[in-house]
Amino acid sequence: MPDPMVPPTPPVRLDALLAREDLGLRRVAGPDDPGTVVHWAHASEMADPYPYLLGGELLLSAGVHIPEGAGAGYFDAYVSRIVAAGGAALGFGVAPVHEAVPEALAEACEMHGLPLLEVPPRTTFSGVARAVWQLMAQARLAELRRVTEAQQSLATAASRPDPVRPVLHQLAQRIGGWAALYTPDTTELATAGTTPPPKPRQSLAALARVLRPDTATPAAGSRATPAAGSRAAGAARVGAAAPGERRPVTPTPGEHRQAAPTPGKHRQAAHAPTPASASDTVDGIHLAAYALGTGYVLGVASPQRDPGNHTIASVAAVLLTLLTAQQRSGTTAARSSALVRLLLGSPPQDVAPLLGGERWHVVHARPDGHTAPDPLATSALGAALGSPLVDPAGEVVRVLVPADRPVEPFPGWTLGVSAAAAPPDWPDADIQAARALARARATRAPLFRHGDRPALADLVPPHDADAHARSLLAPIAAAPALTDTLRTWLSLHGSWDRTAVALSVHRNTVRQRIARCAALLEADLDDPDVRMELWFALRRT
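These remarks concern the structure in this document. (Residues numbered from 1 in each chain as written. Predicted model: local features only at pLDDT ≥ 70, side-chain atom pairs only at ≥ 80, totals over all residues. Heavy atoms only, no water.)

1. Describing the overall build of the chain
Next up, step 1: What the chain contains, in helices and strands, is 16 helices and 17 strands.
Next up, step 2: A burial count over the chain gives 41% of its 541 residues as buried.
Next up, step 3: The long-range fraction of contacts in the chain, counting pairs at least 24 apart against all pairs at least 6 apart in sequence, stands at 65%. (Helix = DSSP H or I, 4+ residues; strand = E, 2+ residues; numbered from the N terminus. Buried < 20%, exposed > 50% of the residue type's maximum accessible area, 1.4 Å probe, protein only. Contact = heavy atoms within 4.5 Å.)

2. Some thoughts on a nonpolar patch on the surface
Next up, step 1: A surface patch of nonpolar side chains, amounting to about 460 Å² of accessible area, comprises Leu339, Val340, Leu343 and Leu344.
Next up, step 2: In this fold, valine 340 is placed in helix α8 (residues 331-343).
Next up, step 3: Look at valine 340 and you get partly exposed, because its relative accessible area is 47%. (Patch = residues over 30% accessible without salt bridge, like charges linked within 9 Å, V, L, I, M, F, W, Y side chains within 5 Å. Areas by Shrake-Rupley, 256 points an atom, 1.4 Å probe, with all protein chains shown as cover. Salt bridge = Lys/Arg side-chain N within 4 Å of Asp/Glu carboxyl O.)

3. Section: the sheet that holds strand β17 (residues 447-449)
Next up, step 1: Here we have five strands laid out as an open sheet, ordered β14-β15-β13-β16-β17, and mixed in their pairing. On the outer flanks of this sheet lie β14 (390-393) and β17, each paired with one strand and no other. Between one strand axis and the next, the sheet turns by 15° as a mean value, whatever way the strands run.
Next up, step 2: Note that strand β13 (residues 360-367) and strand β16 (residues 413-417) share five bridges and pair antiparallel. Counted as the bridge partner of proline 367 is tryptophan 413 from β16. (Pairing = 2+ DSSP bridges. Axes fitted to C-alpha atoms, helices over the stretch in contact; angles between N-to-C directions.)

4. Some words on the packing of helix α4 (residues 125-158) against helix α5 (residues 164-175)
Next up, step 1: For the pair α4 and α5, interaxial distance at closest approach is 8 Å and the crossing angle is 165°. By the angle between their directions, the pair α4 and α5 is classed as roughly antiparallel. The handedness of the crossing between α4 and α5 is right-handed. On α5, the residues that touch Arg146, Glu149, Ala150, Ser153, Leu154, Ala157 and Ala158 of α4 are Pro166, Val167, Gln170, Leu171, Arg174 and Ile175.
Next up, step 2: When its residues are assigned to classes, the contact of α4 with α5 shows eight nonpolar, two polar and three charged. (Parallel < 35°, antiparallel > 145°, perpendicular 65-115°, else oblique. Left-handed = near helix turned anticlockwise from the far one by under 90°. Nonpolar A, V, L, I, M, F, W, Y, C, P; charged D, E, K, R; others polar.)

5. Considerations on the packing of helix α12 (residues 462-472) against helix α16 (residues 528-538)
Next up, step 1: Here α12 crosses α16 at 115°, and the two axes come no closer than 8 Å. Crossing geometry of α12 relative to α16 is assigned as left-handed. The residues of α16 that touch α12, namely those facing Ala465, His468, Ala469 and Leu472, are Glu533, Leu534, Phe536 and Ala537.

6. Things to note about the pattern of salt bridges
Next up, step 1: Evaluated as defined, the whole model comprises 12 salt bridges.
Next up, step 2: Taking the shortest distance from any N to any O, the salt bridge between aspartate 430 and arginine 398 comes out at 3.1 Å. Residue aspartate 430 is found in helix α11 (residues 426-442), and its partner arginine 398 is found in strand β15 (residues 396-402); the two are separated by 32 residues along the sequence.
Next up, step 3: Residue arginine 398 is classed as partly exposed on the basis of its relative accessible area, which comes to 34%.
Next up, step 4: Here aspartate 484 ties to arginine 487 by a salt bridge, and the two come within 3.2 Å at their closest N and O atoms. Here aspartate 484 and its partner arginine 487 are both found in helix α13 (residues 480-491), three residues apart, which amounts to about one turn of the helix.

7. Focus on helix α3 (residues 103-112)
Next up, step 1: Here α3 has its buried residues at Leu105, Ala106, Ala108 and Cys109. Viewed end-on, α3 has its buried residues packed into an arc of 160°, placing them on one side of the element. In this structure, α3 carries Glu103, Glu107 and Met111 as exposed residues pointing more than 90 degrees from its buried face.
Next up, step 2: On its buried face, α3 sits against β2 (26-29), α2 (72-84), β6 (89-93) and β7 (116-119). (Arc of directions from axis to C-beta.)

8. Observations regarding the packing of aromatic side chains
Both the distance between ring centres and the angle between the ring planes are used here to describe each pair of aromatic rings.
Next up, step 1: Scanning the model with the defined rule gives three aromatic pairs in all.
Next up, step 2: Ring geometry for tyrosine 74 versus phenylalanine 75: centroids 5.6 Å apart, planes at 85°, classification edge-to-face.
Next up, step 3: Look at tyrosine 74 and you get partly exposed, because its relative accessible area is 21%.
Next up, step 4: Judged by centre distance (5.4 Å) and plane angle (35°), the rings of tryptophan 489 and tryptophan 496 are tilted.
Next up, step 5: Note on tryptophan 489: relative accessible area 2%, which makes it buried.
Next up, step 6: Residue class for tryptophan 496 comes out partly exposed when judged on its relative accessible area of 23%.
Next up, step 7: Over the ring of tyrosine 50 we find arginine 81; its NZ or CZ atom is 4.2 Å from the centre of that ring. (Phe/Tyr/Trp six-rings, centres within 6.5 Å; stacked < 30°, edge-to-face > 60°. Lys NZ or Arg CZ within 6 Å of the ring centre and 35° of its normal.)

9. Observations regarding helix α14 (residues 496-503)
The α-helix advances 3.6 residues per turn, and as a result positions three or four apart in sequence lie on the same side.
Next up, step 1: When α14 is considered as a whole, its buried residues turn out to be Thr499, Ala500 and Ala502. Down the axis of α14, the smallest arc covering the buried residues is 165°, so these residues share one side.
Next up, step 2: Where the residues of α14 are buried, they touch α11, α13 and α15 (507-521).
Next up, step 3: Regarding α14, its N-cap is serine 495, as a side-chain oxygen of that residue lies 3.3 Å from the backbone nitrogen of arginine 498 further along. (Polar contact = N/O pair within 3.5 Å; in protein donor to acceptor, adjacent residues only side chain to side chain.)

10. Structural notes on the pairing of β14
Next up, step 1: Of the pairings in the sheet, the one linking β14 to β15 comprises four bridges and is antiparallel in character. Considered in β15, the bridge of valine 390 is made with valine 399.
Next up, step 2: Here β14 hands over to β15 after two residues, with glycine 394 in that stretch at a positive phi of 65°.

Now the structure itself:
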């Protein structure tokens, strides 16, 4: 994410300030680098300006702080503190304090690589600051116009037949570089633009793997760890400071400034969330990767780091997310085929292989609180469980999850999970998941799994067990509310409060229903043998 200390405006090239004839600035010392940029102008007469700088400034000073007879040591310490704070350049105003720029100051700037500008007497510091902001406003307007035109061209490309390649072509053209779409296993699916050299291209693929941690790990020695600490990925970047960023320095005694992060210290932990984007610079080429949310990754390579390029690439990422949502590994076609076959009378066991598994879990999920599940939350739940087979039916969402995928608790939801079942047994698994969800809500657990170990009831032939269950429960069979209440009450060991929570009724209602069951069944529900026999029967219904 962008540095909050940097203003939301494009930086100004130092050469653009030097080209302003109304200012009359002149470079006295320091590197003549056309890539030097200024984020703002700041005037200070402090002997140690470090605590008052954020980085990227054109620091303006008339030399009031320079003591009489100051030598090379003073200027060396002064310039080193500006460089340590990330200052972009130093502007020294001649007159009324100094008639010329001190030679020792010019030598110190030359030694530390800090551009030194002479500000003539006719130019005020406020005039320099105003020129900086004027150039920033012009650059901002040009950037907005460029981004707007790029958005329009990308939207037009997205409306064409087979739109993925046209979108990549427009993106590469607008950023003046290369764009690639990576599949979920991080292989190049489509590319456009000027192909970068092999090393940056390999590094961009490594960035894609950073966003897809479940893919194969790159070989040792390859450049597979770039950008995991980039600002776009949300972690501390190790390396040379960009304009507007602090450079890693050691604080002087008495200061409490936080030291720069140690390389590798802030690497992502094993359970840290996967970043949505990552960036790096290799051989002078800026690389960026964006996770599309559908398993695909968008990678871009451009000759320079440009905020406008990031905005354009973000727009392309949104469009490609929508365009690839229907193309992920052919799952949409397979689901459509399965649905058609079911509608035309094929049995579930014949259709299930099209969905990618032989045994499945049925998951019943209910959002915490009293709100009904909305489509966005339901879609997020399906993505978290790793299955697109989601049925948002009323207050409970049902999901079919392949048995080889673990079902873990998901924040904001209460889950009930069935035992793994083959397609013919899915109706029974659906009942198991519903009961597991009721148990989870009653015990206030985020997830409850139906037990699938062999039970004593399995020793009784199913036909005899079903007949006994129907006979025993016949007095209450016509009242589903009584049957459900009795089943839930027994599963929760006779707890009135937890049964009321599981059924979303008042505890007195539970008491009345259980009393009615006892009367109709002519049974003592305090007797553990009676409870065991009733539970045996209820499991068969």
